[in-house]
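If you want the building blocks of each chain, they are given just below.
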Amino acid sequence: MDLFEYQGKQYFAKYNIPVSAGGVAHTVDEALVEAEKALYPVVVKAQVQVGGRGKAGGIKLANNAEEVRLHAGNILGMDIKGHLVKRVWIEHASDIAEEYYASFTLDRAAKQHLLMLSAQGGVEIEVVAERDPSAIVKLHINPIEGLSLATARQAAVDAKIPVQALDGVADMLVKLYECFTKGDCDLAEINPLILKPTGEVHALDAKVSLDVNASFRHPEWEEYAATEELDAREQLAREKGLQYIGLDGTVGIIANGAGLAMSTLDVVNQVGGSAANFLDIGGGANAELMTAALEVINSDAKVKSILINIFGGITRGEEVAKGIVEAVKRVSLRAPIVIRLDGTNAEEGRKILADAGIPDSQLTSRPTMLEAARAAVALAK
Amino acid sequence: MAIFVDQNTKVIVQGLTGGQGRFHGLRNRAYGTQVVGGVTPGKAGQDVEGIPVFDSVEDAVKATGATASFIAVPPKAAPAAILEAARAGIGFVVCITEGVPAQDEARVFATLQRDYPVTRLLGPNCPGIISPGKCNIGITAGEIAQLPSATGPNVGIVSRSGTLTYQALYELKQQGIGVSTCVGIGGDPVPGTSFVDCLAEFQADPETHAIIMIGEIGGSAEEEAAEFITKHVTKPMSAYIAGVTAPAGKKMGHAGAIVSGGKGTAQGKMDALRMAGVKVGLNPTEAGSLMAEIVHSLR
């Protein structure tokens, strides 16, 4: 789960990482109140989860109320690369002497934590990596040993952080590492990490991605889930407890298992179609789940046909078939279904589907994934 | 022969008295697996359809001589359960639990590496392992696995995805091809056992003559496998990578399946495997057909 900048900064603050005083605003009036609190000059920053906000005009300096009114008015409602700006973050403007970069992630190949640190901050780290890879220090950290202040300081020395910022950066790294590990982040990134003319080190931005698997020990994350940006279909799917991702095509997809669902998308694409969604119904595939899945797909006006791809492992074919028949009766579908049912007791399952009395115009069955995909794509054209 | 588990493997189920543990533990026993005990703290002395339950893994190992453990407990309890099994000297641990936090997985992996190097962890979030006709630990439906033939050729399967593991088993069964062992390594960010671990075992196993590998988008495990194959695998291979059409930045179900920053794409993985001499299918059926061609050429 990706956090907005303002949420990331609030999260950082819990781990004593220095961030600017500020507040979030949904309206121009709220922005004015927050600006008064933060003290002028302030920065008005669009809260969207996409890079390049500054270039798009989503970050502006304001010296007084009039300028806040102007900039907040322009930025709220702005479209930045397809992301609608619903809120702005207002914070006291910082004087910047230098800009650095710091992040912690999990390096899956090494199975260890990875610190990336650079004295060249303020630009995308990918750009730095391309321009001057030696400007980025990469340090692996054993998860059960952790990061000591001495190691953090050495990393800062290696990254050629100037001497007056070394202690501040090292201290910041230890705090950011604690936020990353105890805070169950997939990513904790500060870019830019700034040195102020007064000598303090400070997080000017915050990019935090949380590991939702750890939600059980972070009840405070509920507020973040509430602001997550989902489209209407994704919202409905979440309420029904389904793994759903909205896409732009015309073939609605239901499969059991994430791998099989991904594979179904691939096959639909290979035979010249395009998937309207990714939907993993999980192992059960019973009537309730199938009904919920069909309801979600049915809410998508772009869907012209529905491809159900089920491989019966422990769930037997006849149980899956009964679930589908029941679900088709419950939901009044706008698009025809093509089913591929395979695996344990698939024969019995197909017989149930054939004998259910559902007209061919509404439901047909194909023996393989490829044939089913062809049929569904043909119906969608 | 088979890899990791065979007819001599004695299994205990951690969480046998829970819903998942009981269901799959009993299924595994019905398949012929030696399920010799279960562990649920506070329930020692009870039994689940004749399988004795113990308070700790240590007690279970002492009483039964178990060599493997099947962990079916909730995500909160899984890290401690894995380490308990390792501490009791279990050599092979299968953890099917879905939803273990990545930070916990990283710590557990590092702890095993440092303190219990002889323990191999499969998972978390994996379907398990089956050596057809010998041993089935996890949630795979044993019926869909073709028995290995005495004369060969037999195929080893290694897969990151659950249902695609079944799909691979099924494709081989349709073709009448025997399976030596099928390992589902799971799709989480820090799997205990990697493609490379399985490929090394399959390469060394005389009963395995060819290998089929099922990967998916995200991470770099397939690229690492390709590098290993180039250097160390002489047995013929086919492969399939799921997620060619997955959009960047969207997590596809598994904690691991995501294309980010242009990395972890299916195309990159397919290219790497082709470079390593692996025949890559564009869908599971094609990977199965490619394997059938390989097997016919070996016969």
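Since this is a predicted model, take the numbers as computed values, not measurements.

## So, the overall build of chain A
Logical step 1: Scanning chain A from N- to C-terminus turns up 13 helices and 18 strands.
Logical step 2: Taken along its principal axes, the extent of the C-alpha atoms in chain A is 80 × 50 × 40 Å.
Logical step 3: Looking at chain A as a whole, 48% of its 381 residues qualify as buried.
Logical step 4: A separation of at least 24 residues holds for 70% of the contacts in chain A among residues at least 6 apart in sequence.

## Observations concerning the sheet that holds strand E4 (residues 51-54) of chain B
Residues and elements named next belong to chain B.
Logical step 1: Strand order in the open sheet formed by seven strands is E3-E4-E2-E1-E5-E6-E7, with mixed pairing between adjacent strands. Each edge of the sheet is formed by a strand with only one pairing partner; in this case those strands are strand E3 (47-48) and strand E7 (120-122).
Logical step 2: Pairing between E3 and E4: two bridges, direction antiparallel. Bridge assignment links Asp47 to a residue of E4, and that residue is Pro52.
Logical step 3: Sheet strands in contact with helix H1 (residues 19-31) are strand E1 (10-14), strand E2 (34-39), E3 and strand E5 (68-71), and its direction is about 160° off that of E2.

## Regarding the domain arrangement of chain A
Logical step 1: Parsing chain A into structural domains produces domain 1 (21-92), domain 2 (98-225) and domain 3 (232-380).
Logical step 2: Taking the mean C-alpha position of each, domain 2 of chain A and domain 3 of chain A sit 43 Å from one another.

## Looking at helix H1 (residues 5-14) of chain A
Counting along an α-helix, one turn takes 3.6 residues, and residues three or four places apart therefore face a common direction.
All names here are of chain A.
Logical step 1: With seven of 10 residues buried, H1 is to be regarded as a mostly interior element.
Logical step 2: Of all the residues in H1, the buried ones are Glu5, Tyr6, Gln7, Gly8, Lys9, Tyr11 and Phe12.
Logical step 3: Phi turns positive, to about 60°, at Asn16, one or two residues after H1.

## Things to note about the nonpolar core
Logical step 1: By size, the foremost hydrophobic cluster in this structure holds 156 residues, and its most contacted members are Ile253(A), Ala376(A), Ile71(B), Ile82(B) and Val93(B).
Logical step 2: It is helix H13 (residues 369-380) of chain A that provides the largest number of residues to this core, a total of eight residues.
Logical step 3: Beyond its immediate stretch of four places on either side in the chain, Val93(B) contacts Ser69(B), Ile71(B), Ile82(B), Ala85(B), Ala86(B), Thr119(B), Leu121(B) and Leu122(B).
Logical step 4: Leu76(A), Ala170(A), Leu173(A) and Ile194(A) belong to the second largest nonpolar core, which has 63 residues in total.

## A short note on helix H9 (residues 284-298) of chain B
All names here are of chain B.
Logical step 1: In a regular helix each residue adds 1.5 Å, so 15 residues correspond to 21 Å; H9 covers 21 Å between its end C-alpha atoms and thus fits that length.
Logical step 2: Of all the residues in H9, the buried ones are Pro284, Ala287, Gly288, Leu290, Met291, Ile294 and Val295. Here the buried residues of H9 occupy an arc of 160° about the axis, which is enough to place them on one side. Opposite the buried face of H9, by more than 90 degrees, sit the exposed residues His296 and Ser297.

## Quick look at the pairing of strand E7 (residues 98-107) of chain A
All names here are of chain A.
Logical step 1: Sheet analysis places E7 next to strand E10 (residues 185-195), joined by seven bridges and oriented antiparallel. When the sheet's bridge partners are listed, Ser103 is paired in E10 with Glu189.
Logical step 2: Summarising the sheet, E7 and strand E8 (residues 112-118) pair through seven bridges and their orientation is antiparallel. Within E8, the position partnered with Phe104 by the bridge is Leu115.
Logical step 3: From the end of E7 to the start of E8, which pair antiparallel, there are four residues, and Lys111 there has a positive phi angle of about 60°.

## Quick look at the interface of chain A and chain B
Logical step 1: With 44 residues of chain A in contact, the opposing surface of chain B contributes 48 residues.
Logical step 2: At the level of secondary structure, the elements contributing two or more residues to the side of chain A that touches chain B comprise strand E13 (243-246), helix H9 (258-270), strand E15 (277-280), strand E17 (337-343) and H13 of chain A.
Logical step 3: In terms of residue count, H9(A) provides more of the side of chain A that touches chain B than any other element does, 11 residues in total.

## Thoughts on the sheet that holds strand E9 (residues 135-138) of chain B
Residues and elements named next belong to chain B.
Logical step 1: The sheet built from seven strands is open, its strands ordered E9-E8-E11-E10-E12-E13-E14 with mixed pairing. Each having just a single partner strand, E9 and strand E14 (279-281) make up the two edges of the open sheet. The average angle at which neighbouring strand axes cross in this sheet is 15°, direction not considered.
Logical step 2: Here strand E10 (residues 154-159) runs beside strand E11 (residues 178-184); their pairing, made up of five bridges, is parallel. Bridge pairing in E11 places Ser159 opposite Gly184.

## Re the environment of Ala165(A)
Residues and elements named next belong to chain A.
Logical step 1: You can see Ala165 is positioned in the loop between helix H5 (149-158) and helix H6 (166-182).
Logical step 2: The spatial distance from the C-alpha of Ala165 to the C-alpha of Leu147 is 19 Å, given a sequence separation of 18 residues.
Logical step 3: Beyond its immediate sequence surroundings of up to four residues, Ala165 is in contact with Glu98, Leu195 and Val201.

## Let's talk about the domain arrangement of chain B
Residue and element names in this part refer to chain B.
Logical step 1: According to the domain assignment, chain B contains domain 1 (10-122) and domain 2 (145-298).
Logical step 2: Computed from C-alpha coordinates alone, the two centres of domain 1 and domain 2 are separated by 27 Å.
Logical step 3: Listed per partner, the contact involves eight residues of domain 1 and eight residues of domain 2.
Logical step 4: Secondary structure elements with two or more residues in the side of domain 1 that touches domain 2: helix H4 (102-115) and E7.
Logical step 5: Sorting elements by how many residues they give to the side of domain 1 that touches domain 2 places H4 first, with four residues.
Logical step 6: Partitioning the side of domain 1 that touches domain 2 into residue classes produces six nonpolar, no polar and two charged.

## A closer look at unusual backbone geometry
Logical step 1: Across the junction of Gly123(B) and Pro124(B), the peptide omega takes the value 0°, indicating a cis bond.
Logical step 2: With respect to the element layout, Pro124(B) can be found in the loop between E7 and strand E8 (128-131).
Logical step 3: Cis peptide bonds are those with omega within 30 degrees of zero, and the linkage from Gly152(B) to Pro153(B) qualifies with -5°.
Logical step 4: With respect to the helices and strands, Pro153(B) occurs in the loop between E9 and E10.
Logical step 5: Non-glycine residue Lys81(A) carries a positive phi angle of around 50°.
Logical step 6: Of the residues examined, Lys81(A) has 11 C-beta atoms within 10 Å and is grouped as exposed.

Definitions and limits used
Residues numbered from 1 in each chain as written. Chains lettered and ligands numbered in written order. Predicted model: local features only at pLDDT ≥ 70, side-chain atom pairs only at ≥ 80, totals over all residues. Helix = DSSP H or I, 4+ residues; strand = E, 2+ residues; numbered from the N terminus. Buried ≥ 20, exposed ≤ 12 C-beta atoms within 10 Å, placed from the backbone. Contact = placed C-beta atoms within 7 Å. Pairing = 2+ DSSP bridges. Axes fitted to C-alpha atoms, helices over the stretch in contact; angles between N-to-C directions. Domains from an automatic or database assignment. Core = buried A, V, L, I, M, F, W, Y, C linked by C-beta atoms within 7 Å. Expected span 1.5 Å × (residues − 1). Arc of directions from axis to C-beta. Nonpolar A, V, L, I, M, F, W, Y, C, P; charged D, E, K, R; others polar.

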